[in-house]
Amino acid sequence: MTAERQLKYNEPWILQRADPYVYRHTDGTYYFTASVPEYDRIVLRKSDTLAGLADAEETEIWHKHESGPMSVHIWAPELHYLDGAWYIYYAGGDKDNIWEIRPYVLQCKDEDPITGTWTELGKIQRADADEFSFKAFSLDGTVFENKGVRYYVWAEKVGVGRQISNLYIASMETPWKLATVQVMLTTPDYDWERVGYWVNEGPSVIKHGGKIFLTYSASETGKPYCMGMLTADEDSDLLDPKSWTKERHPVLESDEKLGIYGPGHNSFTVDENGQDICVYHARNEETITGDPLYNPNRHARLMPVVWDEEGRPVFSFNRGDK
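Residues numbered from 1 in each chain as written. Predicted model: local features only at pLDDT ≥ 70, side-chain atom pairs only at ≥ 80, totals over all residues. Heavy atoms only, no water.

Asks: For this particular structure, what's the right way to read the overall build of the protein?
Replies: Check the secondary structure of the protein and you find one helix and 22 strands. Scaling as 2.2 N^0.38, a compact globule of 322 residues should have a C-alpha radius of gyration of about 20 Å, and the protein matches this with 18 Å. Reported as C-alpha extents along the three principal axes, the dimensions of the protein are approximately 55 × 45 × 45 Å. Taken over 322 residues, the protein has a buried fraction of 57%. Long-range contacts, defined here as pairs at least 24 residues apart, represent 50% of the contacts in the protein between residues at least 6 apart. Entry remark: accessible area of the protein is about 13,700 Å², with carbon and sulfur atoms responsible for 45%. Here the protein contributes 33 positive and 52 negative side-chain charges, whose respective centroids are spaced 2 Å apart. (Helix = DSSP H or I, 4+ residues; strand = E, 2+ residues; numbered from the N terminus. Rg over C-alpha atoms; globule rule 2.2 N^0.38 Å. Buried < 20%, exposed > 50% of the residue type's maximum accessible area, 1.4 Å probe, protein only. Contact = heavy atoms within 4.5 Å. Areas by Shrake-Rupley, 256 points an atom, 1.4 Å probe, with all protein chains shown as cover. Lys, Arg positive; Asp, Glu negative; His and termini not counted. Charge placed at Lys NZ, Arg CZ, Asp CG, Glu CD.)

Encoded structure:
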């Protein structure tokens, strides 16, 4: 049986792993990381095949601090290979203020990110002229490159009282420092982005046909959680908010008939045949007792990305099933 046939789409793939991130390295090796239910560590898996990640050994490569920054709420790690080194972008809080969430970065200069040594580079540094970024609740940083420029996109809360989580973008000077001041890409404009909390978070980028598609997640983390999308032309000024067009409706949301609830916080990869794959988490249960953030049953899943006649991604639970 081939690895491609072993993949089962839109059903639990790796259990209790939220905010899943899959990276395929230049040598074809697949790496997987995600938030663990305890929110206390960063783990990595690797495999020669995408399907093999499900049963691959999981290694803890970093553990939270006992106190101070990075001592609680270790969330949404992403693995990137930049300028000949490995980087993990993640968020963490402080035991003395558990919601003082900020984005941090680890670096590994060894060949194998699982057996190699990881060094803390601290909080992501904002541009010298930027007075605002990472001053408040900030998380879910992702990195992508376009036309020789590297960009960082993240979620940050603003306002007073019950704050609003927006998405921001900046270009990067180094893998740990921004080169430009923040630009807001999207704020929760619509009702489906405002259930429980007003949230835009979890950005991820996929390119196709000269376009850049940026997906993100919205609303609280239970059943209302869903995915929205922005689109820009790859030749446009990505630091100009007007270059991005926002979808009026979610591109992926809960499906009661299929028993899939709260799909979101996705990443993108490709399988061994070059098929674009959306990696996301979702729940099996519709009703959650207590705060859904602390319910462990967000399971990583896979979905083939289908491209329509206009070259736009279609996210569907009913496509590519095997």
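Asks: Quick question: what am I supposed to make of the sheet that holds strand β20 (residues 299-304) here?
Replies: The strands that make up a sheet pair up through hydrogen bonds in the backbone, lying either parallel or antiparallel. Reading across from one edge, β18-β19-β20 is the order of the three strands in this open sheet, with antiparallel pairing throughout. Looking at which strands have only one partner, the edges of the open sheet turn out to be β18 (261-270) and β20. Mean inter-strand twist for the sheet, computed between neighbouring axes without regard to direction, equals 30°. Here six bridges tie β18 to strand β19 (residues 276-283), and the two strands are oriented antiparallel to one another. (Pairing = 2+ DSSP bridges. Axes fitted to C-alpha atoms, helices over the stretch in contact; angles between N-to-C directions.)

Asks: So what exactly am I meant to see when it comes to the packing of aromatic side chains here?
Replies: Each pair of aromatic rings is reported with the distance of its centres and the angle of its planes. In total, this model carries 22 aromatic pairs according to the counting rule given. Ring centres of Trp 62 and Tyr 90 lie 5.0 Å apart, and the angle between their planes is 50°; this geometry places the pair in the tilted category. Of this pair, Trp 62 sits in strand β4 (residues 59-63) while Tyr 90 is found in strand β6 (residues 85-94), placing the two residues 28 residues apart along the sequence. Of the two residues, Trp 62 and Tyr 90, both sit in the buried class. With 5.9 Å between their ring centres and 35° between their planes, Tyr 90 and Tyr 104 make a pair best called tilted. Placement of the pair is Tyr 90 in strand β6 and Tyr 104 in strand β7 (residues 97-108), with a sequence separation of 14 residues. Like Tyr 90, the residue Tyr 104 is buried in the burial classification. Sitting over the face of the ring of Phe 137, Lys 157 holds its NZ or CZ atom 4.4 Å from the ring centroid. Its guanidinium or amino end placed over the ring of Trp 198, Arg 194 lies 3.5 Å from that ring's centre, counting from NZ or CZ. (Phe/Tyr/Trp six-rings, centres within 6.5 Å; stacked < 30°, edge-to-face > 60°. Lys NZ or Arg CZ within 6 Å of the ring centre and 35° of its normal.)

Nothing here speaks to function; it is geometry throughout.
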